[in-house]
Amino acid sequence: MMQRTRVAIFGGGIAALTAAFELTEQDPEQTRYDIAIYTLGWRLGGKCLVGRDAHRDCRALEHGLHVWAGFYDNSFDLVQRLYARLGRPNDEWREKFEGLNHFTAMELVDGVWKPWLLSARPNARDPGIDGNGGFAPVTLLRTLLTWVEESFLNSPLAQFLEPNAQVSMHREIAAVMGVPHDVVFPTPLSAIAALLDRSAAEPAKIEAGDRDRLVGAFRRQVTSAVGAAPDGDEARRFDILYDLAGGLIQGLLSADVLSSGFDAIDDLEWSAWMKQNGCRQDSLESAIVRGCYDYVFGYVKGIREVSAGVGTLALLRLLLTHKGSIFYTLREPMADFLFAPLYKYLCGRKVKFNFFHRLDALHLSSDGSRIERVALSRQVDLKDPRAEYEPLIDVPGRDFKSWPIHPDYSQIKNGHLLEGHDLESAWTDWAGTNNEVTLRLRSPDVQGSAIDTFDIAILGTGFGGLHSICHELRDFYPDTWGRCLDEVKTTQTLAVQLWLNKETAQLGWHDPGTVLVGFGDERRDWSHSPLQSWQDNTPLLAAEYAGGGRIARSLAYFVGVFPDAEVIPPPSPYPQFPKAEIERAKAAIVPWMNRQLPVLWPNARDACGSGFNWGLLQAPPGTAGAARLDAQYVRVNINPWERYVLSTPGSLRSRLWPDGTGVSNLFLAGDWVRTGLDAGCIEAAVMSGRATARAITGGSMSIPGFGNSGRIPIPVTLLPVVSLLKQLKAGAAGGVGSMEGYCVTIWRDSDAVQRLLPAGLALDPPLGLGPEASSRRRHPIVFLFSRQKNVRPGFVPIGGMRYHEVIELIPFVKQNSINAPSGGPFNYMPHLFLDEIAPVWIGVNLYGFNKRLARITSRDGSFQVQCDLGEIGTDLSERGLPGQAANPRFSRLKSVRRLLEHPLISLTTSGAFVYSHLDFRFDSATFQGAYGQVGLGAPFDPEPCPTGTLDIPSIVDEDFGAFRFQTNWHLSVPLSAGIEPASVVPPDLQAFAATLLSRRRP
């Protein structure tokens, strides 16, 4: 029996817990994984944490305001499957949510605040994973066109469409579409949809001029109707909505977005992009746009900073792909309905929780290929060292358990001394046990499951704390980890909970279940509007316990951005800093409540009519005025781990994929990880945890929304405009590893090279690569002689394989079939030789690679290959100093990289072509010039020289010369036909591959 893979998960948020849950889902017999979770402090939750205050009605004190969007497919699915595993009734999960089909944005019109109620029509779909969905730009664009046109034609504006304006519109449409004038489209949006259908069938690209004329015609149609309608808020608001819709449509119709997905506009700020697409300034300053920024805390130092790509995708998914309702409010805090039952379930699946463990650092091996040590600090010792900490408490008068606001001191050694210290604070002065804990990578010869070892590490902590934890990764991988840590931005947030002794309607607000945004003036200093969003969370009072006292009648949550202090001290024993930040927040909140709360709640004014009636807040007897705020809950989220992750322009390329660490045994989980949603929300966190588990296990797991949203939901044989390479790069990892070796390029007669290709493939002459290529009579062949190590196929739980590999590669080939994808050119490998059976079997059966077993020996630049087809030998030496690709010494690398960076095409044993992408990650690789001799004969060299020995120059001296390289590579899963890569490997193949790979070489 194989020993279980020991997985160490660092972090207690939903991303880390999702990863653990999905690992157990793929290991029902508990024979594959031994999982341990290490988390700071005494509770789980991350940025969703909750603490019950036993001294104040068991109030649930939360990190902030939480509303689930109707497109959170993966998050709802997690709750549904968790409840099913716990044996709960089928529909019990529904009792935790309340569908909300509207929200409010606050307008500031001529100095007066006005609520703008926006509604979204519900549908009959259940939230969760249902197998439907398409998030490519063209798919969302078609839905948007229908949605906007139906909205416009059913709005009051439609009755004010003037006949003459309509005739003029039809003429313009006819001119663009090339149809008779009597062909009628209700609006230019129908014409755009028809143009999309036409371009997909021919296929022809939509001309920018046609796009602009049709969108412009729709804008003029709206303007004409608004001009004829009576003045007032209704017409003005419709004008704003359709102006914004026009900007979205025009932007989505751009060639870049349609061909490359939303990533193509990641460098642009959302408002600037919308302005480029014709939106008016008043529309971009409207309440609905300000509300969108408030929803994602999308400001850096008071300036809007949201990526156009991420922002547009998230907005379209919210509006167009929600299931049931656009929003779901919570009837219970997440700590109660999600984190507590998830904790209990995982405990039942033998997942070990190590509370009170602060993650200090990840330490790399000397070659940077794996995590060898993990440094932690144990914050407390338990009274009973053999016992596990019991974190949950009973809620009086209720039939569920929850998390306390502070640890259970009775379980902790010298626990009474801990009172008053915050173990979750980066500035706590609790000395702790001063007990350093070191986890070490388990050696291949170690049997069993030593508690201080691990095989795989999952980093699931908040992003803000990674700068110190990942300093070695930053130094070793500056182009990936360094860029990620530098360019992904975060912000502090502020949260306030108010318990009031009057119902919300009595306060003067008559919309039950309110979710409100946009209640802030961007032109003013932060302190003028510290809280911009409000949710009426009165239903959560049902989970509190008054204990004979007076229960509140309403509960209000407010949140906003909390600007950084001028000087933020590094983590250190300095508890005065968080206390000072609370006071800084209150200094802004008190005048804001006096000034702004009576705007929301007209009946909340004091007797003088000059401010807020503080007596409405529940507080102990004898507490008066603003001092009653101290009996509420004010939270400043300033700890590094709890800062909100932003989606700023240009930062998408710096995010790391869950399996894209460059380190063979390190995976990532968190809303800062690249998923395809790439925004700070529970859905992105859950997606990352699922993706990490899928990468480790190779299990059958659909993750809606994961990957590059530019993927078109049709077979690859029908991709006329989308680069297949981008499709493949978006796929899951089929394998990762490190390779060190030599690259040699030779040029041969094109007809001779063609004979190395199978039927159905032909050379695609590479113009622009130099005189030999430009002649069209010569074609390159590339040989890679490499030593592979730490190779881990994506569906095998642990790697560490070492072997030799020699690759012969023909770049620039194409398929002859007229139905072939236009995503090429491709690279084809006529010969691959390895000296290890497992990767040979996997490559042949899953990828269609022409892999063969061979005897391969090597020493430095000398390789000897002996196989049934013949022999290959090299005698290569280094020339010059090593360096990275950006070094001027390696300027000639650019041409060779053009040969290597195309998608691979191969032929499976069933006769089908499959596609994959081998990413050499040359941007972070190390290079060195090489020269010498290579011995080649037939069939490897289609034009062998008489002596069989070739003199090979160095790339330092000549184009396409030889070089030595060392890099970490990533191989995508194979893609055949359809929208998803063939990432789901059947269980029998998984087991066989795992068995093969369990034989590790020294």
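These numbers come from a predicted model, not from an experiment.

Rules used throughout
- Residues numbered from 1 in each chain as written.
- Predicted model: local features only at pLDDT ≥ 70, side-chain atom pairs only at ≥ 80, totals over all residues.
- Heavy atoms only, no water.
- Helix = DSSP H or I, 4+ residues; strand = E, 2+ residues; numbered from the N terminus.
- Buried < 20%, exposed > 50% of the residue type's maximum accessible area, 1.4 Å probe, protein only.
- Contact = heavy atoms within 4.5 Å.
- Areas by Shrake-Rupley, 256 points an atom, 1.4 Å probe, with all protein chains shown as cover.
- Pairing = 2+ DSSP bridges.
- Core = buried A, V, L, I, M, F, W, Y, C linked by side-chain atoms within 4.5 Å.
- Axes fitted to C-alpha atoms, helices over the stretch in contact; angles between N-to-C directions.
- Parallel < 35°, antiparallel > 145°, perpendicular 65-115°, else oblique.
- Nonpolar A, V, L, I, M, F, W, Y, C, P; charged D, E, K, R; others polar.
- Expected span 1.5 Å × (residues − 1).

## Considering the overall build of the chain
Check the secondary structure of the chain and you find 25 helices and 42 strands. Every one of the 1002 residues in the chain was classed for burial, and the buried ones make up 60%. Taking all contacts inside the chain whose residues are at least 6 apart in sequence as the whole, residues at least 24 apart take part in 73%. Surface accessibility of the chain: about 38800 Å² in total, with carbon and sulfur atoms responsible for 52%.

## Considerations on the sheet that holds strand β18 (residues 453–454)
Across the sheet, four strands lie side by side as β13-β14-β17-β18; this open sheet has mixed pairing. The outermost strands of the open sheet, each flanked by one partner alone, are β13 (357–364) and β18. Here strand β17 (residues 435–441) pairs with β18 via two bridges, running parallel. Residue pairing in the sheet places Leu441 in a bridge with Phe454 of β18.

## Let's talk about the side chain of Thr493
In this structure, Thr493 sits in strand β21 (residues 493–500). Not counting the four nearest positions on each side in its chain, Thr493 is found in contact with Phe297, Gly560, Val561, Phe562, Arg635, Val636, Asn637 and Tyr644.

## As for the nonpolar core
With 144 residues, the main nonpolar core has Trp68 and Leu338 as its most contacted residues. For this core, the element with the most residues is helix α13 (residues 334–348), which contributes 10 residues. In this structure, Ala556, Ile582, Leu600 and Val636 belong to the second largest nonpolar core, which totals 37 residues.

## A short note on the packing of helix α6 (residues 208–228) against helix α7 (residues 233–252)
Between α6 and α7, whose axes approach to 10 Å, the crossing angle comes to 175°. If you check the angle between α6 and α7, you find them roughly antiparallel. Of the residues in α7, those in contact with Arg211, Asp212, Val215, Phe218, Arg219, Val222 and Val226 of α6 are Ala235, Asp239, Tyr242, Asp243, Gly246, Gly247, Ile249 and Gln250. Tallied by class, residues from the contact of α6 with α7 come to seven nonpolar, three polar and five charged.

## Observations regarding helix α1 (residues 14–25)
When the terminal C-alpha atoms of α1 are compared, their 16 Å separation across 12 residues agrees well with the 16 Å that a helix rising 1.5 Å per residue should span. Burial in α1 covers these residues: Ile14, Ala15, Ala16, Leu17, Thr18, Ala19, Ala20, Phe21, Glu22, Leu23, Thr24 and Glu25.

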